[in-house]
Structures are given as C-alpha cells and as structure tokens.
Amino acid sequence: MVKVTVNFYGVVKGTLAEPRVEVEMPAVFSVRQLLDSLRKKCGEKFAESVVDEYGRPRPHVRMFINKEVVDNYDLDSKWEISGLEAESSILVLPTSEGG
C-alpha cells in the first residue's frame, strides 16, 4: 500500500471539510477503487459533488493522476504509483465552462 495525496479544487473543494486528503491505495489500483476510497474517507458530500449515479466522475469533474487525465468512463483502468510517485498528487477539479 502507498499513501497518496488527493487535492480538491474549485466548487469540489468548497463542498468538503478539507481541501486535501491522504488515502492508502495498492501500488496498482483502478479509478473505481480510488473513488470508493475517497467516498469512504470524504463522505456523502464528496459523492454528491463528484460521482454520478453510475459511480463515475460527473461530467464537470476532471481527475489527474501523475499529470495524466483520467478517463471518466473507464473506471477499471489501472494506475500504478510506486517509489517517489507515492508522494505525487491526484487532482480532482471542476472543468471550466465558457460562453
């Protein structure tokens, strides 16, 4: 297991008690596992603002792991964090809307 830091931004950050949390994840994990861990750690406010009824990140939310965009529809994609990367951040932020 590795500890990873998850940072929240924008309206997502405003709905949670903390702007950042640490979660323990296996060295190789899926987006589904990460979202489940975050739901347990952050509670229903997280689920309401970030996750849709299918367990996917909502369309207005973007996640980045090791600076790579997470595909909101591929919940079973595998990500690996090891060594120094365990200190890296996972970002959860709302996308901007233009007009």
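Data block above holds the structure.
From N to C terminus, the protein includes three helices and seven strands. Reading the helices (α) and strands (β) of the protein from amino to carboxyl end gives β-α-β-β-α-α-β-β-β-β. Going through the 99 residues of the protein one by one, you find that 36% of them count as buried. By element, 49% of the accessible surface of the protein is carried by carbon and sulfur atoms, the whole surface being about 6,000 Å².

On inspection of all chains with the given rule, the structure shows two salt bridges. Close ionic contact of Asp-76 with Arg-32 constitutes a salt bridge, the shortest N to O distance being 3.1 Å. Note that Asp-76 is positioned in the loop between strand 5 (68–69) and strand 6 (78–80) and Arg-32 in helix 2 (residues 31–42), a separation of 44 residues in sequence. For Asp-76, a relative accessible area of 48% translates into the label partly exposed. Exposure remark for Arg-32: the relative accessible area of 36% places this residue in the partly exposed category.

Another point: the nonpolar core. By size, the foremost hydrophobic cluster in this structure holds 25 residues, and its most contacted members are Phe-8, Val-23, Leu-34, Leu-38, Phe-46 and Val-92. Within the residue set of this core, elements represented by two or more residues are strand 1 (2–8), strand 2 (20–25), helix 2, helix 3 (44–50) and strand 4 (61–65).

Before going further, it helps to spend a moment on the pairing of strand 1. Counting buried residues in strand 1 gives six out of seven residues, a clear majority hidden from the surface. Bridge count for strand 1 against strand 2 is six bridges, and the pairing is antiparallel. When the bridges of strand 2 are listed, Val-6 appears paired with Val-21.

Rules used throughout
- Residues numbered from 1 in each chain as written.
- Predicted model: local features only at pLDDT ≥ 70, side-chain atom pairs only at ≥ 80, totals over all residues.
- Heavy atoms only, no water.
- Helix = DSSP H or I, 4+ residues; strand = E, 2+ residues; numbered from the N terminus.
- Buried < 20%, exposed > 50% of the residue type's maximum accessible area, 1.4 Å probe, protein only.
- Areas by Shrake-Rupley, 256 points an atom, 1.4 Å probe, with all protein chains shown as cover.
- Salt bridge = Lys/Arg side-chain N within 4 Å of Asp/Glu carboxyl O.
- Core = buried A, V, L, I, M, F, W, Y, C linked by side-chain atoms within 4.5 Å.
- Pairing = 2+ DSSP bridges.

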